[in-house]
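What the coordinates show
The primary structure of each chain is shown beneath.
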4 protein chains.
Amino acid sequence: MSTKTSHMPIFKRRESNARSYCRGFDTVFSTASGAEMTDTAGRTYIDFLAGCSSLNYGHNDPDMKTALIEHISGDGVTHGLDMHTEAKGAFIETFEEHVLRPRAMDHKLMFVGPTGANAVEAAMKIARKSTGRTNIIAFTNGFHGVTQGALAATGNGYHRGGAGTALNDVTRLPYDGYMGTDVDTSDLLRAMLEDPSSGMDAPAAILLETVQGEGGLNAASADWITSIAKLARKHGALLIIDDIQAGCGRTGSFFSFDDMGITPDIVTLAKSVSGFGLPMGLVLVRPEHDVMGPAEHNGTFRGNTHAFVTARVAIEKFWSDERLKADIERRASLIEDGLRTIAGMVPGAYLKGRGMMRGVDVGSGELAGEICAHAFDKGLIVETSGSDDEVVKILAPLTIPDALLEKGLNVLIDAAQSVTSQTTIAAE
Amino acid sequence: MSTKTSHMPIFKRRESNARSYCRGFDTVFSTASGAEMTDTAGRTYIDFLAGCSSLNYGHNDPDMKTALIEHISGDGVTHGLDMHTEAKGAFIETFEEHVLRPRAMDHKLMFVGPTGANAVEAAMKIARKSTGRTNIIAFTNGFHGVTQGALAATGNGYHRGGAGTALNDVTRLPYDGYMGTDVDTSDLLRAMLEDPSSGMDAPAAILLETVQGEGGLNAASADWITSIAKLARKHGALLIIDDIQAGCGRTGSFFSFDDMGITPDIVTLAKSVSGFGLPMGLVLVRPEHDVMGPAEHNGTFRGNTHAFVTARVAIEKFWSDERLKADIERRASLIEDGLRTIAGMVPGAYLKGRGMMRGVDVGSGELAGEICAHAFDKGLIVETSGSDDEVVKILAPLTIPDALLEKGLNVLIDAAQSVTSQTTIAAE
Amino acid sequence: MSTKTSHMPIFKRRESNARSYCRGFDTVFSTASGAEMTDTAGRTYIDFLAGCSSLNYGHNDPDMKTALIEHISGDGVTHGLDMHTEAKGAFIETFEEHVLRPRAMDHKLMFVGPTGANAVEAAMKIARKSTGRTNIIAFTNGFHGVTQGALAATGNGYHRGGAGTALNDVTRLPYDGYMGTDVDTSDLLRAMLEDPSSGMDAPAAILLETVQGEGGLNAASADWITSIAKLARKHGALLIIDDIQAGCGRTGSFFSFDDMGITPDIVTLAKSVSGFGLPMGLVLVRPEHDVMGPAEHNGTFRGNTHAFVTARVAIEKFWSDERLKADIERRASLIEDGLRTIAGMVPGAYLKGRGMMRGVDVGSGELAGEICAHAFDKGLIVETSGSDDEVVKILAPLTIPDALLEKGLNVLIDAAQSVTSQTTIAAE
Amino acid sequence: MSTKTSHMPIFKRRESNARSYCRGFDTVFSTASGAEMTDTAGRTYIDFLAGCSSLNYGHNDPDMKTALIEHISGDGVTHGLDMHTEAKGAFIETFEEHVLRPRAMDHKLMFVGPTGANAVEAAMKIARKSTGRTNIIAFTNGFHGVTQGALAATGNGYHRGGAGTALNDVTRLPYDGYMGTDVDTSDLLRAMLEDPSSGMDAPAAILLETVQGEGGLNAASADWITSIAKLARKHGALLIIDDIQAGCGRTGSFFSFDDMGITPDIVTLAKSVSGFGLPMGLVLVRPEHDVMGPAEHNGTFRGNTHAFVTARVAIEKFWSDERLKADIERRASLIEDGLRTIAGMVPGAYLKGRGMMRGVDVGSGELAGEICAHAFDKGLIVETSGSDDEVVKILAPLTIPDALLEKGLNVLIDAAQSVTSQTTIAAE
């Protein structure tokens, strides 16, 4: 099709400077399936980015695809505001059966505007309304979105700078490991909570990711998270786990906090919750904090019916038994091996992350960027993360076949080899 | 299917109190086509709400449906972050050809998180960054979304109350007509802009809807809008037209400000821009204000590829000629007649709105609510709007067949007749 | 004394650029008595500025002076934090007897840091704590101080710009007369208060000056003030009258709102409350709103004991009978005559203010400034006011002898004559 | 005099609940001299509070008293706004000669409203304007005043709660020692400053007290202060030393940071700067940051002429040679001995502070309060400090005769003995 080759000019002519990923992956994609994307020139790429963890089950999963086409063909409701629809009902039932009941979670489902940021905004509002407090504690390197409320909780200075106004009502504290291995940063939180003159106003909530995806794949320890959870409980603050990137299986089980013995008051989900890459946001909130009145946090797209269709299939297919968990564990191990090889090429490099949310800190954003660029040239989509983009990050679909995963890892290893050799040569 | 009847308990058991429309329209919908929705019991309703103007072309338009199924069947990219995709390129080309070029608009397209609120947040950030100012002028009864930045610009007290924290950096001024017909409220804006001691800080932007959808279908005059546009230009503020509800044909032409002789610096679109009811947000920004850096305003779902597919078809089908405009004009006239009949039943009632964004102010939210409830009992989905929900609002699909429109209007007239008779009897 | 002539270099060398009045009145003052100030060169000036209404009883009133010297000589407490002191007790008793009881005011006296801004900050905090609301309504051209809380309520853009951060939690509304004589701006306030979607959050307080001193001597009508007072009461907002500049007799009686039939919930006083020009701040608050806990609004200098000594004498001497009121009325009339003469020289000029808080708007800050500069050359200290410094403002001591007042007025008239003649000549 | 005994009812009847010190020291004071205050009943108290360090040179110093009476008798200007006065010139000359020049400080003097809070507000505004940044870093347990800007920097929760609105644009970090002796908290500041995703916006200033007076007499080490100063310099933030309580000799030399090798960009002074307990605020600012325009930070009482008279005498008398420094060192040693005795009575008690700004942490506010109450019964005015008022704090006049100091210390020791004996008995 002639249009295929002619798209580039239109992007340059009419798309805003705000566009980003397309800059690093400078081609026009047309189709995608499983763990691979194909561009208009017919070239196929292994996808180690997976929509930033929005495609945990890969592209165009055949079962979700079939269900969605059937829904559309039958004139199933596409847009129903937040009216009751059959598709929504079926999703909630499935989510209750396979996700909530097995964990004895009594949370309500609040459908919000279909973005992660909207889920975070809703969570912050719930916490403030429920407690009557305004302050929310967030952590260094946390990333929660770029709308004004969520952005206040986000640590990234580049994004904060885009606000053009003060970002307030958030207290920033050091995340687990931020002050080195000898300091338990939850001690600082405890001291400030217990000290009436610490200058930290009583918090409505403590908001955290168990693994900081954008912040550099920093994985907090279960001990630290448990300490934080206890402090939240003791001091009347809600515990909000932002599981937008780390949830939906990314770290090995459905929630990233499974098996830690905590029950967050609020959980935010988005990215992979629809299963198919369709926009969807979801807030889980314990009944006693389900305080938003009807439409108090409203929005036109709360309840993307197409997303409900695929989300239901995703839960049924992947979370009604233990198979995916076992797959993730095995694949995580493959990834770890691959990253370890890369780490061996760069003095001071070290592994980061947990489950299939893994990366290697190569010490500089420049080096990490070059590795990713080389990998893309060789047919692999992979991105960086971290304060200085110094982490090469792998977010492959959880369902990627082992062979394809290994193939991708080899591309990445070769890219790293190639880049580090050049660097070494240049240095000599 | 047994599930169909069993959905009600799951909503009560697991869906958050924040759910809203489902309360007034207390059934479970399963399919929808054109201007009608059908519930699981097989009952069909005429839809005068149209997803709050998100379904301007009706439910499941056959051409968009075909294109979307074809895209999905062929493993077209579903989720591509903001990478270049064929579907996105084709949409931009079509949008440029049929919307921007005919109006000599040089705006860039910035794809944002797929909600209207996200588009407004982006617009506010752009204005603040581009001008280096923080204050944004918004108007009484304006509604721009409920995330923290957008909520600051929103007038509705119920929604503002949900923030749980102060909403700042916005100056509120009276909208056109707010101080009665004798006062041109743009004079107050002018006075405050020109007075260095007015207490109004220099504005980054003036943000307005040409017709306030949620605020009660208040339609500003072209003169007033032109005055505001001139003041914005003169005082270095960007003019942001929030066309999320009033745009995409709702008032008679694609943009609600067409033919007013103004060129907004920024236009926000969402709701009907995808054509099919799929989540999509879009900001149009003049090149000199396209100042957000790569990913500075980021988000996972900037670029819902399915929405691009249907949005392209929508533009091609409805905006490549003048037919829809003529249809809207004719249908608007039918709606006006119907509403005039209702206004005749209620002392003091009067018509509001413009194009197919019309309503009747019946003086009290209680009365308006009863009319809508009666109408729903008779098979019509219709909602209220306004500060006290005192306006019965019609947002029928622009494509509704005239006969079905008249049928719906008759249901509404009967409902009004029924409610007002009872009221009269009760009063006697 | 040689130092006298050598002071100029030290000011230039070491005093901050923030210094201001000394720029217009470019000499070094050493002594002052009654309505006159004398510089180190021995030149005497008539004082029509009176410390911006801080010296309503003139400089170094002999009775206050005697009492103060006696207090100091006898080792009376100078600084007692906010402990009970004899001097404080005596002041409160006098203030109760001559000011509060005759007006049946049950207000408590809250001693605050010795500045007007501190009194305003305290008043805003009281209103917020007492109502549990945050929004405070202030008016165009209002001036309430430059510390961050008070500055948010101040309209002046130059001063606001000095904050370097957003000034929030205040809604700005047009003052009486701001939209011309045909519009009662209290109608806009009413509409916004009654409209739940106006975007104005429920106010903790309405804060206003009855005559805006810095804002250009805008005098609100008693009708407008009464309307505002009623709206405050009806909507649960506290009425705060900032009587810092207009109070202590400046407009003709002790409070500027006497005889208007209103009882403010809070009154702020400073400037002339000590009588002698000594720093003192005072908040009057009705018992039901006396909600600041012990030291909750604290400060080292709450209770300037020297100020208590002179303030007591001031009240006893000037407010135990009606003589001063009669004097003010007569002198106000003399001032009005003088200003009318000046207004006659400038096309479009008009009189402003009330009581002995009067001025003439000559249409431009440049012209007003030149008149004041000429006057100073001729031995008269007089200043401008207003958004563009376009008002020549007279704030002579209330106690100025009539002859001296007339002498000063003649200097001012001559200065205006001289400046306007030159302007006319230049224009020809 | 009959009034003397009759004052108590007027305080109860008319003084606001906000009154505080008078509650603990429940008598009416009339005269004061040196380190002693006398009440209306003729009882004399040793003053270990000294106006919270506002009376570093004692009450009614004879030389200042003589100069002030002479000034008043001669009709010296009392109130001159910020015009040049002879008294101001003489003060600046003296301050330059004895304070600034010996330290090679090129700072300008900015006279602000006569409170410490006003000085802090001015300092924060200067830093924000000079750097174009809004964020200000303050520390746990810092106390900087209760007007809105200063209160945002203050740690005390009771005072913060009085704001009734959000306190923003300040980042709170742990003060020296806050995380125990093993953690250098400046490392956290460094990490956050160097990490672009720490969530801490680039700071306009770092604001600190070298000894936290209200916060519990926490004395930062010179090393820590030097680290902070270097970080400020490196990251473009101004260093503001709030020397309001610790300055003017309290810690042993004029400035509390003398001999630390740092030059703060801004120093705030108040309390003892007038020498006599008269209200005065002063900001020292380096010329390159003297960015407030004329009157941009204005106020009626910027320049309390009486305070200039006594401040000049104070500088000349006490800071033109080394005698007072030697006295302070000797007296500090006496105080330390006394406090050590008290610490020996309470398990876990330990000494705090530096110079003549000393206290003993007795572990509980209740105990500390009882000790102070007993001491007052025995004729000693002494107060507590700290997050939980757990520190018995001694702020005696620097000029207190050694014998009187020892007498006072003995009263305090006896009070502690008495209270701890009772406690021990009660516990048995």
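These numbers were taken from a predicted model, which means no experiment stands behind them.

Along the backbone of chain A there are 14 helices and 18 strands. Here chain A has a C-alpha radius of gyration of 22 Å; the compact-globule value for 428 residues is 22 Å, and the two agree. Seen along its three principal axes, the alpha-carbon backbone of chain A occupies a region of about 60 × 60 × 45 Å. The proportion of buried residues among the 428 residues of chain A is 69%. Partitioning the contacts of chain A with sequence separation of at least 6, the portion at a separation of at least 24 is 72%.

With that out of the way, let us pick up the packing of helix α4 (residues 62-73) of chain D against helix α11 (residues 305-319) of chain D. Residue and element names in this part refer to chain D. Two elements in contact, α4 and α11, have axes whose closest approach is 9 Å; the angle formed by their N-to-C orientations is 145°. Crossing of α4 against α11: the hand is right-handed. Mapping the contact onto sequence places D63, M64, A67, L68, H71 and I72 in α4 and T305, H306, V309, T310, V313, A314, K317 and F318 in α11. A class-by-class count of the residues in the contact of α4 with α11 yields eight nonpolar, four polar and two charged.

Moving on, we get to the relation of the copies chain A and chain B. For the match of chain A to chain B, the screw axis carries a shift of 0.0 Å, the RMSD comes to 0.0 Å, and the turn is 180°. In short, the pair behaves as if placed about a two-fold rotation axis. Among all residues of chain A, the minimum C-alpha distance to the rotation axis is found for Q148(A), at 2.7 Å. An overlap of 100% is found between the interface residues of chain A and their copies at the interface of chain B, pointing to a shared contact surface.

Each partner contributes residues to the interface: chain C has 25 residues there, and chain B has 26 residues. Of the roughly 2300 Å² buried at the junction of chain C and chain B (both faces included), carbon and sulfur atoms supply 50%. Counting across the chain C and chain B interface gives two salt bridges. Among the salt bridges present, the one from R160(B) reaches D201(C), with a minimum N-O distance of 2.7 Å. For the pair chain C and chain B, the interface holds 20 residue pairs in polar contact (both at pLDDT 80 or more). Of all the elements in the fold, those that place two or more residues in the side of chain C that touches chain B are α8 (157-161) and α9 (186-194) of chain C.

Contact between chain A and chain C is absent, and the least distance between their C-alpha atoms amounts to 7 Å. A gap remains between chain B and chain D, with no contact made and the closest C-alpha atoms lying 7 Å from each other.

Attention shifts here to the sheet that holds strand β4 (residues 84-85) of chain C. Taken in spatial order, the five strands line up as β4(C)-β1(D)-β2(D)-β3(D)-β15(D) in an open sheet, and their pairing is mixed. In this open sheet, the two strands that pair with only one neighbour each are β4 of chain C together with β15 (380-381) of chain D. Here strand β1 (residues 28-33) of chain D pairs with strand β2 (residues 36-39) of chain D via four bridges, running antiparallel. Paired with F29(D) across the two strands is D39(D), which belongs to β2(D).

Another aspect to go through is the relation of the copies chain C and chain B. Superposing chain C onto chain B requires a rotation of 180° together with a translation of 0.0 Å along the rotation axis, leaving an RMSD of 0.0 Å. Most of the interface of chain C is mirrored in chain B, where 100% of its interface residues are also at the interface.

So, about the interface of chain A and chain B. Across the contact, 112 residues belong to chain A and 112 residues belong to chain B. Counting each side, the surface lost to burial between chain A and chain B is near 9800 Å², with a carbon and sulfur contribution of 56%. Ranking the residues of chain A by area buried against chain B places R14(A), H84(A) and E86(A) at the top, with a combined share of 10%. In this assembly, chain A and chain B are joined by eight salt bridges.

Spatial strand order, β16(A)-β3(A)-β2(A)-β1(A)-β4(B): five strands in an open sheet with mixed pairing. Each edge of the sheet is formed by a strand with only one pairing partner; in this case those strands are β16 (380-381) of chain A together with β4 (84-85) of chain B. Bridge count between strand β1 (residues 28-33) of chain A and β4(B): two bridges; the pairing is parallel. Following the sheet pairing, V28(A) is matched in β4(B) by H84(B).

Turning our attention to the pattern of salt bridges. Within the structure shown, the criterion is met by 99 salt bridges over all chains. In this structure, K88(C) and E15(D) form a salt bridge, with 3.0 Å as the shortest nitrogen-oxygen distance. Separated into two different chains, K88(C) in helix α5 (residues 86-100) and E15(D) in the loop between α1 (2-14) and α2 (21-24) make up a pair that spans both. By relative accessible area, K88(C) is classed as buried at 1%. E15(D) gets classed as buried once you look at its relative accessible area, which sits at 3%. A cluster of three or more residues bridged by salt bridges with shared partners is formed by R13(A), R14(A), E96(B) and R101(B).

What follows deals with the pairing of strand β11 (residues 238-242) of chain A. Side chains on a regular strand alternate between the two faces of the sheet. Residue and element names in this part refer to chain A. For β11, the buried fraction is high: five of the five residues fall into the buried class. Here four bridges tie strand β8 (residues 203-208) to β11, and the two strands are oriented parallel to one another. The residue of β11 that forms the bridge with I206 is L239.

Scanning all chains against the criterion turns up 60 aromatic pairs over all chains. Centroid distance F254(C) to W319(C): 5.4 Å. Interplanar angle 85°. Geometry classified as edge-to-face. Placement of F254(C) in the loop between β11 (238-242) and β12 (266-269) and of W319(C) in helix α11 (residues 305-319) is noted, with a sequence separation of 65 residues between them. Of the two residues examined, F254(C) and W319(C), each falls in the buried class. Grouping aromatic residues by their ring pairs yields a cluster made of F91(A), F95(A), F111(A), F254(A), F255(A), F257(A), F308(A) and W319(A).

All names here are of chain B. As for its position among the elements, T251 is in the loop between β11 (238-242) and β12 (266-269). We classify T251 as buried; its relative accessible area is 10%. Those residues in contact with T251 that sit more than four places away from it in its chain are V211, A246, S256, R354, G355, M356 and M357.

Residues and elements named next belong to chain A. Segmenting chain A into domains produces domain 1 (3-60 + 324-427) and domain 2 (76-318). Taking only C-alpha atoms, the centre of domain 1 and the centre of domain 2 are 26 Å apart. On the domain 2 side, the residues contacting the 30 residues of domain 1 number 29 residues. The junction of domain 1 with domain 2 conceals about 2400 Å² of combined surface from both sides, 51% of it contributed by carbon and sulfur atoms. Linking domain 1 with domain 2 are one salt bridge, by the criterion used here. For K393, the salt bridge is made with E214, and the minimal N-O distance between the two is 3.7 Å. Where domain 1 touches domain 2, the interface holds 22 residue pairs in polar contact (both at pLDDT 80 or more). Only α3 (50-53), α12 (323-343), β14 (350-354), β15 (357-361) and β18 (391-394) provide two or more residues apiece to the side of domain 1 that touches domain 2. Taken together, the residues of the side of domain 1 that touches domain 2 break down into 13 nonpolar, twelve polar and five charged.

Cut-offs applied
Residues numbered from 1 in each chain as written. Chains lettered and ligands numbered in written order. Predicted model: local features only at pLDDT ≥ 70, side-chain atom pairs only at ≥ 80, totals over all residues. Heavy atoms only, no water. Helix = DSSP H or I, 4+ residues; strand = E, 2+ residues; numbered from the N terminus. Rg over C-alpha atoms; globule rule 2.2 N^0.38 Å. Buried < 20%, exposed > 50% of the residue type's maximum accessible area, 1.4 Å probe, protein only. Contact = heavy atoms within 4.5 Å. Axes fitted to C-alpha atoms, helices over the stretch in contact; angles between N-to-C directions. Left-handed = near helix turned anticlockwise from the far one by under 90°. Nonpolar A, V, L, I, M, F, W, Y, C, P; charged D, E, K, R; others polar. Least-squares fit on C-alpha atoms with pLDDT ≥ 70 in both. Buried area = accessible area lost by both parts, 1.4 Å probe. Salt bridge = Lys/Arg side-chain N within 4 Å of Asp/Glu carboxyl O. Polar contact = N/O pair within 3.5 Å; in protein donor to acceptor, adjacent residues only side chain to side chain. Pairing = 2+ DSSP bridges. Phe/Tyr/Trp six-rings, centres within 6.5 Å; stacked < 30°, edge-to-face > 60°. Domains from an automatic or database assignment.

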